[in-house]
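Each chain is listed here by its residues.
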Amino acid sequence: MGRRSGILEFAVLGLLRESPMHGYELRKRLNTSLGVFRAFSYGSLYPCLKTLVQRGWLAEESGGEPHDSLTAPLTGRRARIVYRLTAEGKERFEELLSQTGPDTWEDEHFGVRFAFFGQTSRDVRMRVLEGRRSRLEERLARMRASLARTRERLDDYTLELQRHGMESVEREVRWLNELIESERAGRDQNRGETPPDPSDDTAT
C-alpha cells in the first residue's frame, strides 16, 4: 500500500471510530476536517473502503436513501451504504495510532496524525511531535545553507520567497516547541486531564 493510500486508510478508520457514516458523509469529513484530502474524489475513496471491507476492518450496512440527492446519479447504491468499524478495524486503528516512524513526521501525514491526537497516548504524541520538530529543524538548516550560498545570485522577489518559506518553517518549529513543552508539563486539554497538584499531600 502506498503512502498516500496508507494515510487515507488511517483517516477513514479514525473517522469511522467516532461513528458509522455513509460514503458521501465520510468524504465531506475528509475534505472539511482533514484538508490534505481536499482533492480526493469518490474514485479514490471507494476503492479504499472496498479494501477495508475485504480485510474485515469495516462492515457495510444499509443506510437508506443518500442525504444529498445530487449524489444518487453519480454513486448509485453506494450512497445508501453505511460503513461501520468492526472490532478488527478498531484494533487496526489502534495499531496505526501507536506508530511513530518517520512517515508520521512528513508534511502530508503529520496533519492527519495531529487531527487524531485526542485519541493518541501522550508518549506517542511526544515522539511524533519531537520527530516532526527534528525534521523541520533539518529542513531549516538546509534552507539557511542554500540561501547563504545563493543569496548574491537571487533577485529580490526570489529572495523574499525563500525568506517567506524559512519564516513559515520557523513558525511551525516555535509552535511545536510550545506543544512539546505543554506535553512535558502534563497538560492535556483534549482529554481533559490535569496533572496532580504536588502540594496536595493528603495521603497518610
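It should be emphasised that the depicted structure is a prediction, and the values quoted were computed from it without experimental measurement.

Trainee: How should I be thinking about the pattern of salt bridges in this particular structure?
Mentor: In this structure the tally under the stated criterion is 18 salt bridges. Here E138 and R135 are joined by a salt bridge, their closest N and O atoms 3.9 Å apart. Here R135 and E138 lie together in helix α7 (residues 122–150), a separation of three residues that amounts to about one turn. For E138, a relative accessible area of 40% gives the class partly exposed. Overall, the relative accessible area of 19% leaves R135 in the buried class. Between R144 and E170 there is a salt bridge; the shortest N-O distance is 2.9 Å.

Trainee: Got a minute to help me understand the sheet that holds strand β1 (residues 21–22) in this structure?
Mentor: Whether parallel or antiparallel, the strands of a sheet pair through hydrogen bonds between backbone atoms. With antiparallel pairing, three strands are arranged side by side in an open sheet as β1-β3-β2. Since the sheet does not close on itself, it has two edges, and those belong to β1 and β2 (58–62), each with one partner. Sheet topology places β2 next to strand β3 (residues 81–85); five bridges connect them, and they run antiparallel. Among the inter-strand pairings, A59 is bridged to a residue of β3, identified as R84.

Trainee: Honestly, the side chain of R125 in this entry has me stumped. Any pointers?
Mentor: Its location among the elements puts R125 in helix α7. Look at R125 and you get buried, because its relative accessible area is 2%. Engagement of the side chain of R125 in a polar contact is seen with the side chain of E183, the distance being 2.9 Å.

Trainee: What exactly am I supposed to notice about the nonpolar core here?
Mentor: Soluble globular proteins tend to pack their nonpolar side chains together in the buried interior. Grouped together as the largest cluster of nonpolar side chains are 26 residues, with contacts concentrated most on V12 and L58. Looking at which element gives the most residues to this core, the answer is helix α1 (residues 3–18), with eight residues. In this view, L58 contacts V12, L13, L16, L49, L52, V53, Y83, R84, L85 and T86; residues no more than four positions away in its chain are not counted. Counting 16 residues, the second-largest nonpolar core is a separate cluster that includes F117, V128, L136 and V173.

Trainee: I'm lost on the packing of aromatic side chains in this one. Help?
Mentor: Within a pair of aromatic rings, the relevant descriptors are the distance that separates the centres and the angle that separates the planes. Under the defined criterion, the tally for this structure stands at seven aromatic pairs. Judged by centre distance (5.8 Å) and plane angle (75 degrees), the ring pair of F93 and F116 falls under edge-to-face. Taken as a pair, F93 in helix α5 (residues 87–97) and F116 in the loop between α6 (107–115) and α7 lie far apart in primary sequence, 23 residues in all. When sorted by exposure, F93 lands in the same class as F116, which is buried. A ring pair is formed by F110 and W175, whose centres lie 6.4 Å apart and whose planes are at 85 degrees; its orientation type is edge-to-face. Here the residue F110 occupies a position in helix α6, and W175 occupies one in helix α8 (residues 156–184), the gap between them amounting to 65 residues. Given the relative accessible area of 5%, F110 is considered buried. Assessed through its relative accessible area of 35%, W175 is described here as partly exposed.

Trainee: Explanation requested: the environment of M143 in the structure shown.
Mentor: Its location among the elements puts M143 in helix α7. On the accessibility criterion, M143 (23% relative accessible area) is partly exposed. Separated by 22 residues in sequence, M143 and G165 have C-alpha atoms that sit 8.6 Å apart. Non-local contacts of M143, meaning those with residues more than four positions away in its chain, are made with Q162, G165, M166 and V169.

Trainee: Looking at this structure, how should I read the side chain of H22?
Mentor: If you trace the backbone, H22 turns up in strand β1. Residue class for H22 comes out buried when judged on its relative accessible area of 6%.

Trainee: How do you make sense of the confidence of the model for the chain when you look at a structure like this?
Mentor: Note that predicted coordinates carrying low pLDDT should not be read in detail. On average, residues of the chain score 83 in pLDDT, and 76% of them reach the 70 mark or higher. By mean pLDDT, helix α4 (residues 72–75) is the weakest element of the chain at 50, and α5 is the strongest at 96. Note that residues 75–79 has pLDDT below 50 and, in this model, seven contacts with residues that lie over four places away or in other chains.

The rules behind the values
- Residues numbered from 1 in each chain as written.
- Predicted model: local features only at pLDDT ≥ 70, side-chain atom pairs only at ≥ 80, totals over all residues.
- Heavy atoms only, no water.
- Salt bridge = Lys/Arg side-chain N within 4 Å of Asp/Glu carboxyl O.
- Helix = DSSP H or I, 4+ residues; strand = E, 2+ residues; numbered from the N terminus.
- Buried < 20%, exposed > 50% of the residue type's maximum accessible area, 1.4 Å probe, protein only.
- Pairing = 2+ DSSP bridges.
- Polar contact = N/O pair within 3.5 Å; in protein donor to acceptor, adjacent residues only side chain to side chain.
- Core = buried A, V, L, I, M, F, W, Y, C linked by side-chain atoms within 4.5 Å.
- Contact = heavy atoms within 4.5 Å.
- Phe/Tyr/Trp six-rings, centres within 6.5 Å; stacked < 30°, edge-to-face > 60°.
- pLDDT = per-residue confidence, 0-100.

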